[in-house]
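Inside the fold
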Amino acid sequence: MKSAVLVFPGSNREGDVARALHMVSGVKPAMVWHADTALPPGTDLVVLPGGFSYGDYLRCGAIAARAPIMEAVRAHAARGGLVLGICNGFQILCESGLLPGVLVRNARLRFICREALLKVERNDTPFTRRYARGAIVRYPVAHGEGNYTADAATLKRLEEEGRVLFRYVMPDGHRDDAQVLNGAANSIAGIVSEKLNVLGLMPHPENHVDPVVGPTDGRALFESIVGALEKA
């Protein structure tokens, strides 16, 4: 698997996701600077990591979405290449038009740094094939603008097309939109594109891959990607 991790001014999780990719695939990813105009030849997966790109000025991800490298990312996605955006990466994907909706300030206007419980809504995608459908997993979250918002028509389409992959749930596993930690519409934590090849999610699977430092619920996401690419 040939992967590329984008690095923007203000990114701070590129090392975490690079380590996770290396642990699971055995291959170190290429680190690609935001001012580059092309991805490494043969890239299978592009990852937009978490952080505070460009200091979150204007809107989170708004400036990064217009970085030179993003034209290459759009072309990669259009060809069916896999793209994963985590936290700030999810915000960038929305701002660039690769995913619908937008991430706004958390409902209670507080930065949230804790673990969150998520439900895996489907396991027939390149990102979730190593999970059981309906599995409850634990990922860390660390964001101030993780409140996923979209108009009613967009939310309806996402639900009808099965494009919500991860959803925040309560400790007993049920969904409670009134109590969701950041106010996200329909308790949405992660969505995919129409072709199922672009995933954006706010929680951080890359921080739950190594048993030395805690739970490993995030490892299956990266194993899913590796498996999907090997099968392809």
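Keep in mind that this is a model prediction, so the values were computed, not measured.

So, the environment of Leu-199
Locating Leu-199 in the fold gives a position in strand β11 (residues 198–201). On the basis of relative accessible area, Leu-199 is assigned to the buried category, the value being 0%. Separated by 152 residues in the primary sequence, Leu-199 and Val-47 have C-alpha atoms spaced 9.7 Å apart.

Details of the UniProt feature "active site" (unreviewed entry) in the protein
On the UniProt side, "active site" (unreviewed entry) is annotated at positions that read Cys-87, His-204 and Glu-206 here. These residues run over 120 residues, yet every pair of their C-alpha atoms falls within 11.1 Å of each other. As for its placement among the helices and strands, Cys-87 is situated in the loop between β4 (82–86) and α3 (88–95). Not counting residues up to four positions away in its chain, the partners in contact with Cys-87 are Gly-50, Ala-142, His-143, Leu-201, Met-202 and His-204. Looking at where Glu-206 falls in the secondary structure, it is placed in the loop between β11 and α5 (219–231). What makes Glu-206 buried here is its relative accessible area of 4%.

Comments concerning the sheet that holds strand β10 (residues 188–192)
Spatially, nine strands are ordered β2-β1-β3-β4-β11-β10-β9-β6-β7 in an open sheet, and the strand pairing comes out mixed. Two strands close off the open sheet at either side, each with one partner strand: β2 (30–33) and β7 (136–143). Sheet twist, expressed as the mean angle between neighbouring strand axes with direction ignored, is 25°. Sheet topology places strand β9 (residues 164–168) next to β10; three bridges connect them, and they run antiparallel. Within the sheet, the bridge partner assigned to Phe-166 lies in β10 and is Gly-190. Contacts from helix α1 (residues 14–25) reach β1 (3–7), β2, β3 (45–48) and β4 within the one sheet, and its direction differs from that of β1 by about 175°. Across the sheet, α3 is in contact with β3, β4, β10 and β11; its angle to β4 comes to roughly 120°.

Points about α5
For an α-helix the count is 3.6 residues per turn, leaving residues at separations of three or four pointing the same way. Compared with the 18 Å implied by 1.5 Å per residue over 13 residues, the 18 Å span of α5 between its first and last C-alpha is a close match. Along α5, the positions that sit buried rather than exposed are Ala-220, Leu-221, Phe-222, Ser-224, Ile-225, Val-226, Gly-227 and Ala-228.

Quick notes on the packing of aromatic side chains
To describe a pair of aromatic rings, you give the distance between the ring centres and the angle between the ring planes. As enumerated under the stated definition, the model contains three aromatic pairs in all. On the basis of an interplanar angle of 10° and a centroid distance of 6.0 Å, the ring pair of Phe-90 and Tyr-148 is categorised as stacked. One end of the pair, Phe-90, is in helix α3; the other, Tyr-148, is in strand β8 (residues 147–149), with 58 residues separating them in the sequence. Each member of the pair Phe-90 and Tyr-148 is classed as buried. When the ring of Tyr-131 is compared with that of Phe-166, the centres are 6.4 Å apart and the planes differ by 90°; the resulting orientation is edge-to-face. Remark: Phe-166 occurs in strand β9 and Tyr-131 occurs in the loop between β6 (112–120) and β7; sequence separation between them is 35 residues. Neither Tyr-131 nor Phe-166 differs from the other in exposure class; each is buried. These aromatic residues form a ring-pair network of at least three members: Tyr-131, Tyr-139 and Phe-166.

Procedures and definitions
Residues numbered from 1 in each chain as written. Predicted model: local features only at pLDDT ≥ 70, side-chain atom pairs only at ≥ 80, totals over all residues. Heavy atoms only, no water. Helix = DSSP H or I, 4+ residues; strand = E, 2+ residues; numbered from the N terminus. Buried < 20%, exposed > 50% of the residue type's maximum accessible area, 1.4 Å probe, protein only. UniProt positions renumbered as here; feature names shortened; annotations may be inferred. Contact = heavy atoms within 4.5 Å. Pairing = 2+ DSSP bridges. Axes fitted to C-alpha atoms, helices over the stretch in contact; angles between N-to-C directions. Expected span 1.5 Å × (residues − 1). Phe/Tyr/Trp six-rings, centres within 6.5 Å; stacked < 30°, edge-to-face > 60°.

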